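Residue-level listing of the chains:
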Amino acid sequence: MAESRLILALDVYERERALEIARETADYLWAIKVNWPLIIGSGLDIIPELKEETGLPVIADLKLADIPNTNRLIAGKVFEAGADYIIAHGFVGSDSVEAVMELGKTIIVVEMSHPGAREFIQPVTDRLIELANRLEPFGVIAPATRPERVAYIRSKLKPGIKILTPGVGAQGGKAGEVLKAGADYIIVGRSIYASDNPRESARQIYEEVRAWS
Ligand code: C5P
């Protein structure tokens, strides 16, 4: 099977349910993204458990946005638990982001996918792209709900820095449009984990993504 470009946003609380969905969908995924709901509901041990269950990389979507020392304290524990990537906010400044990057592979939020992102984040996206170009993280997060913004971010971003896009499915984004705009990976949550058949939903999105690869 071709390498997947699909990331599952596993935003459920319960450990058993998370492991079951991960197991069912793993064949179609590149990585699993864990966010606060799952970490709060199941504890940090869910990270090594998911890795063991699926063999896939785990992205910890903590959206870290604190002073460098606190970012370092949090990121240290999460990388130690086995996370392969951590998502951090860029708006707190380069020293806070660097504190995470010193410890492991980092993904910087340069824009968000919800309507409120227009209020504060979007106006500073250019500067967040500059920050990413300077620090060269593994990737950036950009909104699948606005393919034109993904195309814009791609045009400004250094080649080699990956673009990961949440917002496909439940938030209205379309996988094909966003891949055409230059996204490297698609992040999908509810359209997979809340469907009646998560494996089949993941397969369908995987096929759609593959058609664009
Ligand atoms: O359920 P859905 O597919 O909308 O899930 C999207 C996931 O991506 C959630 O975990 C959400 O917190 C995350 N996310 C997002 N927009 C961003 C950054 C992260 O939707 N800009």
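Residues numbered from 1 in each chain as written. Predicted model: local features only at pLDDT ≥ 70, side-chain atom pairs only at ≥ 80, totals over all residues. Heavy atoms only, no water.

- The protein chain is annotated in an unreviewed UniProt entry as Orotidine 5'-phosphate decarboxylase of Thermococcus nautili.
- Taken from UniProt, the Catalytic activity (unreviewed entry) comment for the protein chain reads in full: "orotidine 5'-phosphate + H(+) = UMP + CO2".
- Turning to the protein chain, the UniProt annotation filed under Pathway (unreviewed entry) states: "Pyrimidine metabolism; UMP biosynthesis via de novo pathway; UMP from orotate: step 2/2." (UniProt positions renumbered as here; feature names shortened; annotations may be inferred.)

## What about the environment of Ala18?
Alright, step 1. Residue placement: Ala18 occurs in helix α1 (residues 15-25).
Alright, step 2. The spatial distance from the C-alpha of Ala18 to the C-alpha of Ala151 is 33 Å, given a sequence separation of 133 residues.
Alright, step 3. Excluding anything up to four places from it in sequence, Ala18 contacts Leu10, Val12, Leu38, Ile46 and Leu50. (Helix = DSSP H or I, 4+ residues; strand = E, 2+ residues; numbered from the N terminus. Contact = heavy atoms within 4.5 Å.)

## Observations concerning the site of the ligand
Alright, step 1. Taken together, 16 residues sit near the ligand, with Asp11, Lys33, Ser113, Gly189 and Arg190 positioned nearest.
Alright, step 2. Contacts to the ligand include Asn35, whose side-chain N or O atom sits 3.0 Å from an oxygen atom.
Alright, step 3. Between the ligand and Ser113, the relevant distance is 2.7 Å, taken from a nitrogen atom to a side-chain nitrogen or oxygen of the residue.
Alright, step 4. Alone, the ligand offers 470 Å² of accessible surface; in the complex the protein occludes 90% of this.
Alright, step 5. Its residues placed into classes, the shell around the ligand shows 6 nonpolar, 4 polar and 6 charged. (Near = heavy atom within 4 Å. Polar contact = N/O pair within 3.5 Å; in protein donor to acceptor, adjacent residues only side chain to side chain. Areas by Shrake-Rupley, 256 points an atom, 1.4 Å probe, with all protein chains shown as cover. Nonpolar A, V, L, I, M, F, W, Y, C, P; charged D, E, K, R; others polar.)

## A word on helix α8 (residues 147-156)
Alright, step 1. Buried within α8 are the following residues: Pro147, Arg149, Val150 and Ile153. Along α8, the residues classed as buried sweep out an arc of 155° about the axis, all on the same side. Those residues of α8 that are exposed and angled more than 90 degrees off the buried face are Glu148 and Ser155.
Alright, step 2. Turning to α8, the residues buried within the fold contact α7 (125-135), β6 (139-141), β7 (162-166) and α9 (175-180). (Buried < 20%, exposed > 50% of the residue type's maximum accessible area, 1.4 Å probe, protein only. Arc of directions from axis to C-beta.)

## Looking at the nonpolar core
Alright, step 1. If you look at the biggest cluster of nonpolar residues, it comprises 60 residues, and the most contacted ones within it are Leu10, Val34, Leu50 and Ile86.
Alright, step 2. At 5 residues, α7 tops the list of elements feeding residues into this core.
Alright, step 3. The residues touching Val34, leaving out its near neighbours within four places in the chain, are Ile39, Ile47, Leu50, Val58, Ile59, Ala60 and Asp61.
Alright, step 4. Counting 13 residues, the second largest nonpolar core, distinct from the first, contains Ile7, Trp30, Ile87 and Leu164. (Core = buried A, V, L, I, M, F, W, Y, C linked by side-chain atoms within 4.5 Å.)

## Re the environment of Pro68
Alright, step 1. Within the fold, Pro68 resides in helix α4 (residues 68-80).
Alright, step 2. Put simply, Pro68 and Leu164 are 96 residues apart on the chain and 24 Å apart in space, counted from C-alpha to C-alpha.
Alright, step 3. The contact partners of Pro68, leaving out residues within four places of it in the chain, are Asp95, Ser96 and Ala99.

## Concerning the confidence of the model for the protein chain
Detailed reading of the predicted coordinates is not advisable wherever pLDDT falls low.
Alright, step 1. The predicted model of the protein chain has a mean per-residue pLDDT of 96, with 99% of residues at 70 or higher.
Alright, step 2. As a predicted assembly, this complex carries a pTM of 0.96 together with an ipTM value of 0.91. (pLDDT = per-residue confidence, 0-100.)

## Quick word on the pattern of salt bridges
Alright, step 1. The tally for this structure, following the rule as stated, stands at 14 salt bridges.
Alright, step 2. Here Asp61 ties to Lys63 by a salt bridge, and the two come within 3.0 Å at their closest N and O atoms.
Alright, step 3. Exposure remark for Asp61: the relative accessible area of 4% places this residue in the buried category.
Alright, step 4. Across the pair Glu207 and Arg210 runs a salt bridge whose closest N-O atoms are separated by 3.2 Å. Here the residue Glu207 and the residue Arg210 both occupy positions in helix α11 (residues 198-211), the gap between them amounting to 3 residues, near one helical turn.
Alright, step 5. When its relative accessible area of 41% is taken as the criterion, Arg210 is described as partly exposed. (Salt bridge = Lys/Arg side-chain N within 4 Å of Asp/Glu carboxyl O.)

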